Every structure is written in structure tokens, then in C-alpha cells.
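Overview (structure and organization)
The residues making up each chain are set out below.
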Amino acid sequence: PFAYSTKSILFYSFCFSHSCIADADAFRILWEMKMKKRQKCPSLPETVTELGTEDGSKVYIVGTAHFSDSSKQDVVKTIQELQPDVVVVELCQYRVSMLKMDEETLLKEAKEINFEKLHQAIKQNGVMSGLMQILLLKVSAHITEQLGMAPGGEFREAFKEASKVPFCKFHLGDRPIPVTFKRAIAALSFWQKVKLAWGLCSLSDPISEDDVEKCKQKDLLEQMMAEMIGEFPDLHRTIVSERDIYLTYMLKQAAKKTELPRASENEPQKSIPTIVVGVVGMGHVPGIEKNWSTDVNIQEIMR
């Protein structure tokens, strides 16, 4: 669905209700407004990686640290400069609620892991996958408690900024959590599951805001996970590498050409290259770059 800024909606509603200009003309005016705001030579943060497609579309990936204020600023600046046609974030439908929850509620939710959450996770994903999800939530809660900052701030900023850009679509680009957890659990032996669970349960090292910024080149949460699962290559494959492939596929889908508004049904349909902004953890950027020039297939990694 299209997302408009408040001013754009008011402008369009006024024109439509007063019949001062045709519907297609109003769309064209909004499109021209967007093109004027789009910077021809954008000044982008160093955390942005640019990729291209054969038909001329551009994908700008903002590599973020999930608990970083500067990452949120990078996302805002990138979307404002590029005025994209599509914004893709590293979320799936099972985590979409974090986009509309306020920071205080999210902070409270992230710190509290209770029986109700455990029951819900097991009901949704099965016993082993549910326990794995709760243990990973514990890792996130540990970081949240140390920093006093709720996760996903960069995704909420992306959602808010995308809504201000006329004709900008917002896509969820990550593989569904139940698929990832079930594949991860299946990749481990019984003793590997026990060892991993113990490592997650015993997590207690202090974390500072400086630690987060130092990890800007490798997302903090994923770095902590990598240290714990380093001896389990199959687990790293399911949690990180396979999601790199999935994110690459979704970004490529988002980068298909954009169809321009038409004045009438008789007017030929025209399309132009698309501008996409992807917001993902910095740890996924190298994998997306590696897979970008290949013909990715997600059928196998969705089983």
C-alpha cells in the first residue's frame, strides 16, 4: 500500500473533494514533489552500501547496530536524501508489532520474560524452537537492561520516515522467525542444544554504549550470538547465512521497476528504475553483497 505524508494527504484530499484537478493530475503533482526532494547527489552515511540491478534500479542498504542512536539517525538521513520508492526492513510478520509500540512499552516488554511469553513461544514454534526463542529474547533483554534502550529503533524510524514519502511502499524483508528457529534446532544434536542453552543462560557480561558503537561494523547482538555459536557452523548457517539469502531475494524483489501514474487508461504504462532503501543489521551486509550477483532461490531455505 502507498504511504503519504500528512501534508500530501491533506493536499490530495482538498484537490479531490473540490474537483479542482483530476485524480491523475494530483498523483502527478505529488510525484513531482517527491522527485524535487530526491537528491541527485545524495550525501549518505558511511554505513550505506549501494547495489544496482540490470534494469538500473538502485538499492541502498543501511547497515545498523540494533541498539544504536546513530543508526537511527543514519536511517532517517538516508530516507530523506533518497526519497525512495520502497523501504525494506529486517523484520517479519511475527515482529511487526514493534513498529507501532512506543519506546517505553518496548523497553518494558524486552526486559520481562515470563511464563506467558514462554507458553506463547512454545505454542507458536514447538517446545525446542520456543525455548530457543525465549533464550534469544534473554540475550536481547540483557542488552536492553544494560543500555536502557529498546531494540528495533532503526526500524521504527524507517517506518515513520517512509510514511512521509509519497508513493513509498514499506516491505518486511526477513524470513519468518518460526522457520528460522525450526531449521536452527534441526541442525543441532541434543548435546549441542544443551551446550548452547547453557551459554545463553549464563550471559552476564556488562555492555556499554561505547561497545555498541564499536560494533557498528558488526551488529552487537549478532556478534554476541556468533561468539556463542562459533563451534556450531550449521547453526550459524541457519541463523545468519540463510537469512542473508532471504534478505537478498526480498531486496531484489523490491527493486523491480516502478510504474508511473497514468492520466488515463488509454495512456501507455511507463516504468522507471526503482530506488530502494534496505535497513538491516550490519552483520548481514557482507552476505547480501556476496549473494547480490547470484540467482538466489529461497525455496530450499523455507522448508
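Right, let's walk through the structure included here. (Residues numbered from 1 in each chain as written. Predicted model: local features only at pLDDT ≥ 70, side-chain atom pairs only at ≥ 80, totals over all residues. Heavy atoms only, no water.)

Focus: the environment of Asp 85
Counting through the fold element by element, Asp 85 comes out in the loop between α3 (69-82) and β3 (86-89). Along the backbone, Asp 85 and Ala 255 are 170 residues apart, and their C-alpha atoms lie at a distance of 8.9 Å. Filtering out sequence-adjacent residues up to four positions away, Asp 85 remains in contact with Trp 31, Lys 34, Arg 38, Phe 167, Cys 168, Lys 169, Thr 258, Pro 273, Thr 274 and Ile 275. Here the side chain of Asp 85 touches Arg 38 through a polar contact of 3.2 Å, side chain to side chain. (Helix = DSSP H or I, 4+ residues; strand = E, 2+ residues; numbered from the N terminus. Contact = heavy atoms within 4.5 Å. Polar contact = N/O pair within 3.5 Å; in protein donor to acceptor, adjacent residues only side chain to side chain.)

Some words on the sheet that holds strand β1 (residues 48-52)
Within the open sheet, the five strands sit side by side as β1-β2-β7-β3-β4. Their pairing is mixed. The strands lining the two open edges of the sheet, one partner per strand, are β1 and β4 (169-172). Taking the axes of each pair of neighbouring strands and ignoring which way they run, one obtains an average angle of 20 degrees across the sheet. Strand direction decides the pairing type here: β3 and strand β7 (residues 275-281), joined by four bridges, are parallel. Its bridge partner lying in β7, Val 87 is registered against Val 277. Those strands touched by helix α12 (residues 233-254) are β2 (58-64), β3, β4 and β7, and its axis lies near 160 degrees from that of β7. (Pairing = 2+ DSSP bridges. Axes fitted to C-alpha atoms, helices over the stretch in contact; angles between N-to-C directions.)

Focus: the pairing of β2
β2 sits mainly inside the fold: six of its seven residues count as buried. Sheet topology places β1 next to β2; five bridges connect them, and they run antiparallel. Looking at the pairing, Gly 52 lines up with Lys 58 of β2. Following β1, the chain reverses through five residues before pairing antiparallel with β2; Gly 56 in that reversal takes a positive phi of roughly 95 degrees. (Buried < 20%, exposed > 50% of the residue type's maximum accessible area, 1.4 Å probe, protein only.)

Here's the deal with a nonpolar patch on the surface
Judged by side-chain polarity, Phe 190, Trp 191 and Val 194 come together as a nonpolar surface patch covering roughly 380 Å² of accessible area. Its place among the elements puts Trp 191 in helix α9 (residues 190-201). (Patch = residues over 30% accessible without salt bridge, like charges linked within 9 Å, V, L, I, M, F, W, Y side chains within 5 Å. Areas by Shrake-Rupley, 256 points an atom, 1.4 Å probe, with all protein chains shown as cover. Salt bridge = Lys/Arg side-chain N within 4 Å of Asp/Glu carboxyl O.)

Details of the nonpolar core
The biggest cluster of nonpolar side chains holds 20 residues, and the ones touching the most others in it are Val 87, Val 89 and Ala 158. Of all elements in the fold, only β2, α3, β3, α7 (153-162) and β7 reach the threshold of two or more residues within this core. What Val 87 contacts, discounting residues up to four positions off in sequence, is Ile 79, Ala 158, Ala 162, Cys 168, Lys 169, Phe 170, His 171 and Val 277. (Core = buried A, V, L, I, M, F, W, Y, C linked by side-chain atoms within 4.5 Å.)

Re the pairing of β7
Counting buried positions over the seven residues of β7 gives seven, a clear majority of the element. Taken together, the seven bridges between β2 and β7 define a ladder with parallel strand orientation. What sits directly across from Ile 61, in β7, is Gly 278.

With respect to the environment of Gly 56
Assignment of secondary structure puts Gly 56 in the loop between β1 and β2. Gly 56 sits 201 residues away from Lys 257 along the chain, and the two C-alpha atoms are 8.6 Å apart.

Observations concerning α3
Taking 1.5 Å per residue, 14 residues should reach 20 Å; α3 reaches 20 Å between its end C-alpha atoms and fits that length. Within α3 the residues assigned to the buried category are Ser 71, Lys 72, Asp 74, Val 75, Val 76, Thr 78, Ile 79, Glu 81 and Leu 82. Just downstream of α3 lies Gln 83, where phi reads positive at about 45 degrees. (Expected span 1.5 Å × (residues − 1).)

Describing the packing of aromatic side chains
Counted under the stated rule, the structure contains two aromatic pairs. Ring geometry for Trp 31 against Phe 167: centres 5.9 Å apart, planes inclined by 50 degrees, an arrangement best described as tilted. Taken together, the residues span a long stretch of sequence, with Trp 31 in helix α2 (residues 23-37) and Phe 167 in the loop between α7 and β4 at a distance of 136 residues. Judged by its relative accessible area of 11%, Trp 31 is buried. Both rings, one in Phe 159 and one in Phe 170, keep their centres 5.1 Å apart while their planes meet at 75 degrees; by these two values the pair is edge-to-face. Remark: Phe 170 occurs in strand β4 and Phe 159 occurs in helix α7; sequence separation between them is 11 residues. Over the aromatic face of Trp 292 sits the side chain of Lys 252, whose NZ or CZ is 5.6 Å from the ring centroid. (Phe/Tyr/Trp six-rings, centres within 6.5 Å; stacked < 30°, edge-to-face > 60°. Lys NZ or Arg CZ within 6 Å of the ring centre and 35° of its normal.)

Some details on the side chain of Thr 258
Tracing the sequence through the fold places Thr 258 in strand β5 (residues 258-259). Taking the relative accessible area as the measure of exposure, Thr 258 reaches 15% and is therefore buried. Here the side chain of Thr 258 touches Thr 274 through a polar contact of 2.6 Å, side chain to side chain. Leave out the neighbours within four places in its chain, and Thr 258 touches Trp 31, Asp 85, Lys 270, Ser 271, Ile 272 and Thr 274.

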